[in-house]
Amino acid sequence: MKKKLDGELLSQVLQKISVPTFVIDREHIVIHWNRALETLTGYQAVEMVGTGDHWKAFYPLQKPLLADLVIDNVREHAIAGYYDGKYRKSFLAEGAYEVEDYFPGLGEEGRWLFFTATPISDANGVMLGAVQTLQDITERKKVENELRESEKRYRELSITDSLTKLYNSRHFFRQLRQEIERAKRYEEPLSLILLDIDNFKGYNDTYGHLEGDRVLAVLSEVIKTNLRSADSAYRYGGEEFTVILPETECENAGLVAERLRKSFEDTVLSPLPRSKVHMTVSVGVTQYVTGEEDSVLIKRADAAMYTAKTSGKNRVCQVR
Ligand code: GH3
Ligand code: MG
Ligand code: MG
């Protein structure tokens, strides 16, 4: 009598717990399909119990569920084959596995489920079946994704100059150090370009600060459209820009610098209606010398740029 009561009690517990759960026997036939699982999947216990159709609640094509894999006592890599490295052994139950997976066919726009499957054996260790629980973790996944997105946005913002949309100087110093390390390790050349707008103060004074800002944005566009994919451009200071050119000798960097100088010089600016104004840049180019500090490299590029200024502006000066 007590045993029967226990059986009924357990069956009621299984039926009523809020965790979606099903049980299959060793022949992969469903013997329990609880209310919470009916709600989660839309499949009723009367349709499922006594069949091997449990996969239909989750997949459009027949595929073993985790409980089926556990019953067949498959080796770990077989489970991995089905779950693509997303599974792990459960810390809570012996012989149990757990997986997080996305089910595109579930609900209106798909659901993320966390599920576990645990083998059930008798006292002699003979496999009787398996129990699988499933929890809808879609909301948690959404929050995680939003967090990841906002972290990514924040990271981008923190390395981007808002006016020009180029990388900022903080990122420049970090990237330059990284590229120097790489150049040393692979014994490859590395070059640096430094640009400074000529007579920019005068432009600001004549047309106003906002028009000056527009020039900075225009020059940034010119730089972006003329760069090769491996090169990266930065707003180094107010009206000063840098370009890091990995795997590039000074001579080739000089060619890139000359292309930037020419493109900017040719760009028509219109600070007043129907006005046509041209601005120019002075450019310093240099190459990394193995073993030197990043500050020494920057100073040399700066000195080259200064030489371009003192020898008449609107020109490229290279220092090896
Ligand atoms: P040079 O040819 O010798 O470089 O002359 P310059 O006038 O460009 O150089 P100077 O260093 O005297 O002036 C730089 C000017 O750049 C002064 C400053 O007002 C302007 N500037 C710096 N940052 C910004 C900015 O964000 N927006 C605007 N509109 N102007 C800026
Ligand atoms: Mg300057
Ligand atoms: Mg200037």
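Residues numbered from 1 in each chain as written. Chains lettered and ligands numbered in written order. Predicted model: local features only at pLDDT ≥ 70, side-chain atom pairs only at ≥ 80, totals over all residues. Heavy atoms only, no water.

1. Things to note about the overall build of the chain
Which entries qualify depends on this criterion: Counting from the N terminus, the helices are the DSSP runs of H or I reaching at least four residues and the strands are the DSSP runs of E reaching at least two. In this treatment the radius of gyration is a C-alpha quantity, and the globule benchmark scales as 2.2 Å times the residue count to the 0.38 power. Partly exposed residues are those whose accessible area sits between 20% and 50% of the maximum for their type, while under 20% is buried and over 50% is exposed, using a 1.4 Å probe and protein chains only. Here, two residues are considered to be in contact whenever any of their heavy atoms come within 4.5 Å of each other. Every accessible area reported is derived by Shrake-Rupley at a probe size of 1.4 Å, with residue values counting cover from the shown protein chains alone. His is not counted, nor are the chain ends, whereas Lys and Arg count as positive and Asp and Glu as negative. Where a charge lies is defined by one atom per residue type: Lys uses NZ, Arg uses CZ, Asp uses CG and Glu uses CD.
Within the chain, the secondary structure is distributed over 11 helices and 11 strands. For 320 residues, the compact-globule formula gives about 20 Å, and the C-alpha radius of gyration of the chain, at 33 Å, lies well above that figure. Taken along the three principal axes of its C-alpha coordinates, the chain extends 105 × 50 × 30 Å. By residue count, 43% of the 320 residues in the chain fall in the buried class. Across the chain, every contact between residues at least 6 apart in sequence was considered, and the portion connecting residues at least 24 apart equals 54%. Summed over all atoms, the accessible surface of the chain reaches about 18,200 Å², with 53% contributed by carbon and sulfur. Distance between charge centroids for the chain: 3 Å, based on 43 positive and 49 negative side chains.

2. Regarding the coordination of the magnesium ion (ligand 2)
To keep things clear, this is the line we draw: Atoms are scored as donors when they are N, O or S and lie within 2.8 Å of the metal, with 3.2 Å used for Na, K and Ca; no water is included, so coordination may look incomplete.
For the magnesium ion (ligand 2), the protein coordination sphere consists of D196 (OD), E239 (OE) and E240 (OE), at 2.0 to 2.5 Å. For the magnesium ion (ligand 2), the donor residues sit on a single chain with the sequence spacing D-x42-E-E. Taken as a pair, the magnesium ion (ligand 2) and the magnesium ion (ligand 3) lie 3.7 Å from each other and share D196 as a ligand. Here D196 is found in strand β7 (residues 190-197), whereas its partner E240 is found in strand β9 (residues 240-246), with 44 residues between them in sequence.

3. A short note on the coordination of the magnesium ion (ligand 3)
For the magnesium ion (ligand 3), the protein coordination sphere consists of D196 (OD), I197 (O) and E239 (OE), at 2.0 to 2.3 Å. We note that the donor set of the magnesium ion (ligand 3) lies within a single chain, spaced as D-I-x41-E.

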